[in-house]
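The primary structure of each chain is shown beneath.
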Amino acid sequence: MKSLHHDEDGFTGLEAAIVLIAFVVVAAVFSYVVLGAGFFTTQKAQESVHTAVGQATSAVELSGPVMVEGGAGDTVTNASFYLQLGAGGNPVDVTKIGYTVSTPKKVYTVQGTDSQVTIEWLKTIASGDLLENREMVLVTLNIDAMGFTSADMTVNDKMTIEVKPPVGSSLPISRTIPAALNQGLWYEVY
């Protein structure tokens, strides 16, 4: 008679297996969602860091000496310096670079396309206005045309030229004008 009686003990094990499989599937889907969100957050954080580093560092850097030309009456007529692309930087349009010349008595700002700025390509690889890797430009600022007089800038004054590329932080160049200037002579300033 035992063979005709239905035994339901095995059915309880089958129910438990189905519930266990459901829990495993739900846990797998939940972990996939959590990992996906984590990877997305990590990628966004990495992009933010790279963007911040790109904006915090200057796109251009000084390469070589800073020179000033003496004018009449202990004035400065021109200031020249060499620029190159910063390490790992993206190409920079030299016509969009801004320059601010300042002393304790006067501040003057010009753009790369203004007549007071002369850009001479010393080392070029590609054509155009983009400063790229392994290229160098000589920038000459006509201080006289900016209206600086001996009252604004003269011997022993501190002069700051701030180079402002369109992307990245500015590059400040602070120098002291020599104790004596002769008209038409160039001086390296420190």
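The rules behind each value
- Residues numbered from 1 in each chain as written.
- Predicted model: local features only at pLDDT ≥ 70, side-chain atom pairs only at ≥ 80, totals over all residues.
- Heavy atoms only, no water.
- Helix = DSSP H or I, 4+ residues; strand = E, 2+ residues; numbered from the N terminus.
- Contact = heavy atoms within 4.5 Å.
- Buried < 20%, exposed > 50% of the residue type's maximum accessible area, 1.4 Å probe, protein only.
- Polar contact = N/O pair within 3.5 Å; in protein donor to acceptor, adjacent residues only side chain to side chain.

A. Representation of the side chain of S102. Mapped onto the fold, S102 is located in strand β5 (residues 98-102). Leave out the neighbours within four places in its chain, and S102 touches V107, K158, M159 and T160.

B. Layout of unusual backbone geometry. In this structure, D74 is a non-glycine residue whose phi angle is positive, near 60°. Looking at where D74 falls in the secondary structure, it is placed in the loop between β2 (66-70) and β3 (76-85). With relative accessibility at 31%, the residue D74 sits in the partly exposed group. Phi is positive for N156, close to 65°, though the residue is something other than glycine. Structurally, the position occupied by N156 is in the loop between β9 (136-142) and β10 (158-164).

C. Seen up close, the side chain of S63. Mapped onto the secondary structure, S63 falls in the loop between β1 (60-62) and β2. For S63, the side chain forms a polar contact with the side chain of Q84, separated by 3.4 Å. Ignoring anything within four residues of it in the chain, the contact list for S63 reads Y82, Q84 and M136.

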